[in-house]
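Chain residues, written in single-letter form:
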Amino acid sequence: MNINNICCIGAGYVGGPTMAVIAKMNPDINVTIVDINTDRIAAWNDKDLSKLPIYEPGLAEIVEETRGKNLFFSTEIDKSIDASEMIFISVNTPTKTYGKGKGMAADLKFVELCARNIAEVATTDKIVVEKSTLPVRTAQAIKSILVNTGSDVNFQILSNPEFLAEGTAVQDLLNPDRVLIGGESDDAIESLAKIYASWVPQEKILRTNVWSSELSKLTANAFLAQRISSINAISELCEHTEASVSEVARAIGMDSRIGPKFLNASIGFGGSCFQKDILNLVYIARSYNLNAVADYWEQVIILNDHQKRRFSDKLISTLYNTVSGKKIGMLGWAFKKDTNDTRESAAIYVADHLLSEQANIAVYDPKVSKSKMQSDLNYLNTRSKEENEALVKTYDEPYKALQDAHAVAIMTEWDEFKTYDWKQIFDSMKKPAFIFDGRNILDKNDMTKIGFEYSSIGH
Ligand code: NAD
Ligand code: UGA
């Protein structure tokens with residue numbers, strides 16, 4: 001099938017950057033990203049590029065280059081579906097918060113709504129591409145909805161999971177390790193492969209069956225998260241044995257079978273996907289009665305929760321077993337640097353724990369707004385909105401956030417934190433002045449020379 005028009009349902013962290021890059025690399029294809037969220041679409045259309053709903057290095061430049069030419073953001077979902085030969089489903093697939101599989105299974109209601117929407121309005125043949133991360137065998141459900149419409153429209157379903165990481169989305173999309181396309185129809189697979197072939201070398205475009213493609217995405221995230229839990233488990237052992245987790249990571253990473261990436265010990269992984277995708281994997285394994293498999297992967301999450309808790313416990317015990325009424329300065333709220341995304345950020349859980357111990361928290365993050373921080377905490381339902389507002393203050397300026405603080409907790413590895421005038425910060429803090437470096441980004445010798453009581457992860 002010749003593709004002249006693409007529709008992407010879901011203008012989020014995946015739909016936005018992915019389609020912007022497809023549009024940039026395929027100037028002859030019209031790409032329209034649609035969403036039910038009118039505010040989000042308005043923000044994507046904002047003339048002021050600093051108001052785009054998603055912050056990703058390099059993204060604003062691509063949007064500026066393509067928007068209004070062959071990249072469009074719209075709320076006219078039906079119109080865009082019918083005008084396109086290829087439709088990407090890139091909507092959210094969060095963990096279910098109700099009913100069967102609550103807290104474990106992926107909630108597929110948004111995906112199903114998209115399939116029903118496509119079935120309802122399509123009058124010409126379509127290739128439907130699963131871009132969202134979905135449980136293995138979801139394509140079967142989508143197909144069943146699409147083929148039972150009673151119309152003559154022919155639908156082909158492809159699985160094309162996305163492997164970009166936030167903060168490096170544009171680079172990951174421009175230079176992917178691989179593009180994965182799962183499908184039954186060679187024609188449909190090649191129609192999508194041709195779009196990627198505009199910039200991705202053929203040998204990196206992998207074709208598989210649909211089920212392998214769906215399961216590969218969950219497996220990739222499970223392996224990546226497992227590596228972090230593995231190094232975090234070792235970090236705790238390091239703290240008891242005078243081994244250094246940085247030295248251990250370097251030593252094992254030089255083994256070409258292990259490799260050096262993704263071995264940074266931390267306060268625990270966050271982000272919208274690792275936890276949700278592993279829980280989903282665990283749920284699927286249990287649904288096939290594969291309990292040993294399920295228990296194995298569940299441990300990755302258990303260790304991650306332990307790592308977050310361990311960090312706040314250590315902070316409290318170091319501050320003489322109480323943080324009640326003490327000011328804790330937090331640097332960073334995003335789940336990693338170079339993104340404004342805070343979903344499942346470790347900072348939220350550490351803050352929540354410290355708040356339950358009656359700490360006063362002062363936060364600075366270069367990209368996260370006060371309202372986002374408050375809504376993240378309110379979502380946990382641990383205390384009232386008013387209490388969260390009274391106990392958590394957000395600052396536009398780091399030095400003010402840390403003034404008179406008893407301790408600094410580094411939650412995100414933003415580069416700018418390394419370049420602060422730490423002597424000035426020390427002078428403005430209560431003494432003894434503590435730093436809890438949850439990202440291992442500061443130099444222990446420099447900090448102790450200034451006078452800080454410095455501790456990091458795994459040292
Ligand atoms: P997101 O929440 O940022 O965006 C999803 C968008 O879909 C929202 O704007 C929402 O309004 C819209 N939407 C939901 N239902 C809709 C409907 N019926 N019609 C129109 N719009 C609808 O989510 P995201 O982070 O972009 O993730 C999307 C999918 O991609 C998820 O399955 C996720 O697991 C996967 N994924 C995410 C990342 C990442 O880095 N965030 C990376 C790889 C894969
Ligand atoms: C992750 C995967 O890396 C992507 O391939 C995948 O497409 C995506 O999930 C998804 O499916 O959503 P992302 O969550 O955006 O991407 O970012 P990562 O770089 O993987 O970081 C995840 C978390 O792990 C962050 O909190 C990060 O700080 C933490 N991390 C990462 C560590 O603690 N240590 C490391 O060594 C690496």
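Our structure is the block above this text.
Scoring rules and cut-offs
- Residues numbered from 1 in each chain as written.
- Chains lettered and ligands numbered in written order.
- Predicted model: local features only at pLDDT ≥ 70, side-chain atom pairs only at ≥ 80, totals over all residues.
- Heavy atoms only, no water.
- Near = heavy atom within 4 Å.
- Polar contact = N/O pair within 3.5 Å; in protein donor to acceptor, adjacent residues only side chain to side chain.
- Areas by Shrake-Rupley, 256 points an atom, 1.4 Å probe, with all protein chains shown as cover.
- Core = buried A, V, L, I, M, F, W, Y, C linked by side-chain atoms within 4.5 Å.
- Buried < 20%, exposed > 50% of the residue type's maximum accessible area, 1.4 Å probe, protein only.
- Helix = DSSP H or I, 4+ residues; strand = E, 2+ residues; numbered from the N terminus.
- Contact = heavy atoms within 4.5 Å.
- Phe/Tyr/Trp six-rings, centres within 6.5 Å; stacked < 30°, edge-to-face > 60°.
- Lys NZ or Arg CZ within 6 Å of the ring centre and 35° of its normal.

1. Here we look at the site of ligand 1
Thought 1: Ligand 1 sits among 26 residues. The nearest are Asp 35, Arg 40, Thr 93, Glu 166 and Lys 276.
Thought 2: At 2.8 Å from an oxygen atom of ligand 1 is found a main-chain nitrogen or oxygen belonging to Val 14.
Thought 3: Note that a nitrogen atom of ligand 1 is positioned 3.4 Å from one of the backbone N or O atoms of Ile 36.
Thought 4: For ligand 1, the protein covers 92% of the area, taking 820 Å² as the surface of the free molecule.

2. Brief notes about the nonpolar core
Thought 1: Of all hydrophobic cores here, the largest spans 58 residues; its most connected members are Met 330, Trp 333 and Trp 422.
Thought 2: Per-element accounting of this core gives the leading share, seven residues, to helix α13 (residues 346-356).
Thought 3: Judged by nonpolar contacts, the second largest core, of 43 residues, contains Ile 29, Leu 59, Leu 174 and Ala 188.

3. Observations regarding the environment of Val 368
Thought 1: Position of Val 368 relative to the elements: it lies in the loop between β10 (360-364) and α14 (370-380).
Thought 2: Among the residues examined, Val 368 registers a relative accessible area of 7% and is labelled buried.
Thought 3: Taking the C-alpha atoms as reference points, Val 368 and Asp 341, 27 residues apart in sequence, are found 7.7 Å from one another.
Thought 4: Among residues more than four places away in sequence, those in contact with Val 368 are Trp 333, Ala 334, Asn 340, Thr 342 and Met 373.

4. Here we look at the packing of aromatic side chains
Thought 1: If you walk through the whole model with that rule in mind, you get 14 aromatic pairs.
Thought 2: Between the aromatic rings of Phe 262 and Phe 274, the centroid separation amounts to 6.4 Å while the plane-to-plane angle is 70 degrees, which identifies the pairing as edge-to-face. Of this pair, Phe 262 sits in the loop between α10 (245-253) and α11 (274-287) while Phe 274 sits in helix α11, placing them twelve residues apart in sequence.
Thought 3: Its relative accessible area of 38% is what places Phe 262 among the partly exposed residues.
Thought 4: Seen from their ring centres, Phe 269 and Phe 274 are 5.5 Å apart, and the 85 degrees between their planes marks the pair as edge-to-face.
Thought 5: For Phe 269, a relative accessible area of 6% corresponds to the buried category.
Thought 6: The rings of Tyr 364, Tyr 399, Phe 417, Tyr 420, Trp 422, Phe 426 and Phe 452 are connected pair by pair, giving a single aromatic cluster.
Thought 7: The residue whose ring lies beneath Arg 137 is Trp 211, and the NZ or CZ to ring-centre distance is 4.0 Å.
Thought 8: Geometry around Phe 163 places Arg 178 over its ring, the cationic atom sitting 3.5 Å from the centre.

5. A look at the site of ligand 2
Thought 1: The environment of ligand 2 is formed by 20 residues, the closest being Phe 163, Leu 164, Ser 266, Cys 273 and Arg 439.
Thought 2: In the environment of ligand 2, an oxygen atom lies 2.7 Å from a nitrogen or oxygen atom belonging to the backbone of Glu 166.
Thought 3: Leu 263 places a polar main-chain atom, nitrogen or oxygen, 3.4 Å from an oxygen atom of ligand 2.
Thought 4: Burial of ligand 2 by the surrounding chains reaches 91%, relative to a free accessible area of 700 Å².
Thought 5: Looking at the shell around ligand 2, the element that brings in the most residues is helix α9 (residues 210-241), giving four residues.

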